[in-house]
Amino acid sequence: MGVSTLTAQPALRPETLALDAGLIIDPATGAIQPNIAMSVNNVLVPGEGAFSADGVEDLTALPYLYARWTNPTVRALETRMAALEQTEDALATATGVAALAAIFLTFLKAGDHLVVSDVCYAGANELSRRILPDFGIEVTAVNLSCPEALRAALRPNTRLVHCETPCNPLLRLTDLRQIAGIAHAHGALMSVDSTLATPVSTRPHAFGADLVMHSLTKFINGHGDALGGIVTGRKALVAQMRARAGVYLGASISAMNAWLILRGIDTLFPRLRQINATAQTLAAFLETHPAVSRVIYPGLPSHPQYALAQAQMDHPGGMIAFQTADVQGMARQLAARLKVAHYAFSLGHQRSIVVLLDTAEMMASTYGLQDAPLEDYRRYAGDGIFRLSVGLEAAEDLMADLDQALRG
């Protein structure tokens, strides 16, 4: 039976790779849809596999032995995502936070220094700034949309620069090529959280990133029913993470969740193209709405980094941020009135979701910004920002729903 891989068919376009990269037709049944390999253990031949003093040199070179190390369904997910990000390999994890932990706890040790974006996914910010210092890792949070801020933050022991673009929740962008150049000139690795962009919009490796991670829970799965994370990169770097984080941190993704996410990837390109088109329409609509004081969306000329978005993103994304007066009152109003969209946390699902991220609460719970960094945050968010994750509903229905919910 046929096997479709990136190596075998290098001319395949991304839309086809989302369906076929690493696809193996079942030799016994001819089934096209990937199977779910639920077995925790596999039979083995004694003596097979090369082991080093520190463990396994490359777990993917061994036969399948134990599901915490490698699993056929999980490996299919890793192959698919590596193809979409145009990299050599990938490591799938139980959640997006687990993917971050795999990066941080593989490439950083006591005495090393990490530079992280001062505004990014709360889990990344809190993991890096609250947990890593307990292990002797120094952490500096800076605005990575400003290359000079990175240069000023670098130290002789800086080993990793971690950024996110667009950043959650401000939708502020990072110039990946510039940041990669600065990091590499210093001898540091660069990792990128590309969850909001997805490979449909941006492929950070093409701009110099060493490692790209996603919360697969979001747009890539796209159905709001499975947790997962992934890190893609050069095979040597991924092998380091697999041997360390994949074996010892215990945050392996389940075969069922890997299968569900693979199902989501099958429709990734048509889903994201519809979501992007709807988001563009909604952003333009909200920008003229009397109840909305500001809209932040990379596809609008009013975005402060619109030129960078045009250069770095194939599509502006499915996330919109907007401000209103009396944000707490508006939050209660939206929660009570929305009929098509839903007032809820998370993002990247098939249904539209909106939630208020109150600035004072975000500063107290996560970011702790002061002075100029806080002023910059408030330039985007004011007293609070509504984060709208656009789904697959008709644009006309979403506009009507948001209009009736926003009006006093």
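Residues numbered from 1 in each chain as written. Predicted model: local features only at pLDDT ≥ 70, side-chain atom pairs only at ≥ 80, totals over all residues. Heavy atoms only, no water.

Draft legend 1. Summary view of the packing of aromatic side chains. Within this structure, the stated rule accounts for two aromatic pairs. Ring centres of Phe322 and Phe386 lie 5.3 Å apart, and the angle between their planes is 20 degrees; on these two criteria the pair is classed as stacked. One end of the pair, Phe322, is in strand β13 (residues 319-324); the other, Phe386, is in strand β16 (residues 384-389), with 64 residues separating them in the sequence. Each member of the pair, Phe322 as well as Phe386, is classed as buried. Where Tyr367 meets Tyr377, the ring centres are 5.9 Å apart and the plane angle is 45 degrees; that geometry is what we call tilted. Of this pair, Tyr367 sits in helix α13 (residues 359-367) while Tyr377 sits in helix α14 (residues 371-381), and the two are ten residues apart along the sequence. Considered together, Tyr367 and Tyr377 belong to a single accessibility category, that of buried residues. Residue placement shows Lys218 over the ring face of Tyr121; its charged tip is 5.8 Å from the ring centre. A cation over a ring is seen here: Arg294 above Tyr380, with NZ or CZ 5.6 Å from the ring centre. (Phe/Tyr/Trp six-rings, centres within 6.5 Å; stacked < 30°, edge-to-face > 60°. Helix = DSSP H or I, 4+ residues; strand = E, 2+ residues; numbered from the N terminus. Buried < 20%, exposed > 50% of the residue type's maximum accessible area, 1.4 Å probe, protein only. Lys NZ or Arg CZ within 6 Å of the ring centre and 35° of its normal.)

Draft legend 2. How the structure looks around the sheet that holds strand β5 (residues 89-93). Within the open sheet, the seven strands sit side by side as β5-β11-β10-β9-β8-β6-β7. Their pairing is mixed. Each having just a single partner strand, β5 and β7 (138-142) make up the two edges of the open sheet. Strand-to-strand twist across the sheet, computed as the mean angle between neighbouring axes with direction ignored, equals 20 degrees. Two strands pair when backbone bridges link them, and strand β8 (residues 158-164) and strand β9 (residues 189-193) are joined in this way by five bridges, in the parallel orientation. Each residue of the ladder has a partner; that of Leu160, found in β9, is Leu189. Each of β5, β6 (113-117), β8, β9, β10 (211-215) and β11 (229-233) touches helix α3 (residues 96-107); the most contacted strand, β10, lies at about 155 degrees to it. (Pairing = 2+ DSSP bridges. Axes fitted to C-alpha atoms, helices over the stretch in contact; angles between N-to-C directions. Contact = heavy atoms within 4.5 Å.)

Draft legend 3. Expanded view of the nonpolar core. Judged by nonpolar contacts, the single largest core of 73 residues is most densely connected at Leu77, Leu286 and Ile320. Residue contacts for Leu286: discarding those within four places in its chain leaves Val292, Val295, Ile320, Phe322, Leu388, Leu402 and Leu406. Core analysis: the second largest hydrophobic core is formed by 25 residues, Ala102, Val116, Cys120 and Leu132 among them. (Core = buried A, V, L, I, M, F, W, Y, C linked by side-chain atoms within 4.5 Å.)

Draft legend 4. Representation of the environment of Gly229 within the structure. On the secondary structure map, Gly229 appears in strand β11. The sequence separation of Gly229 and Thr95 amounts to 134 residues, and the corresponding C-alpha distance is 4.4 Å.

Draft legend 5. Highlighting the confidence of the model for the chain. Per-residue confidence for the chain gives a mean pLDDT of 92; residues scoring 70 or more make up 95%. Contacts of residues 1-9 to residues separated by more than four positions or lying in other chains number 18 contacts, the stretch itself having pLDDT below 50. Note on residues 50-54: pLDDT under 50 across the span, and seven contacts to partners over four residues away in sequence or across chains. (pLDDT = per-residue confidence, 0-100.)

Draft legend 6. Spotlight on the UniProt feature "modified residue: N6-(pyridoxal phosphate)lysine" (unreviewed entry) in the chain. Mapped onto this numbering, the UniProt entry annotates "modified residue: N6-(pyridoxal phosphate)lysine" (unreviewed entry) at Lys218. Tracing the backbone shows Lys218 in the loop between β10 and β11. Excluding residues that lie within four positions of it along the chain, Lys218 makes contacts with Thr195, Ser346, Leu347 and Gly348. (UniProt positions renumbered as here; feature names shortened; annotations may be inferred.)

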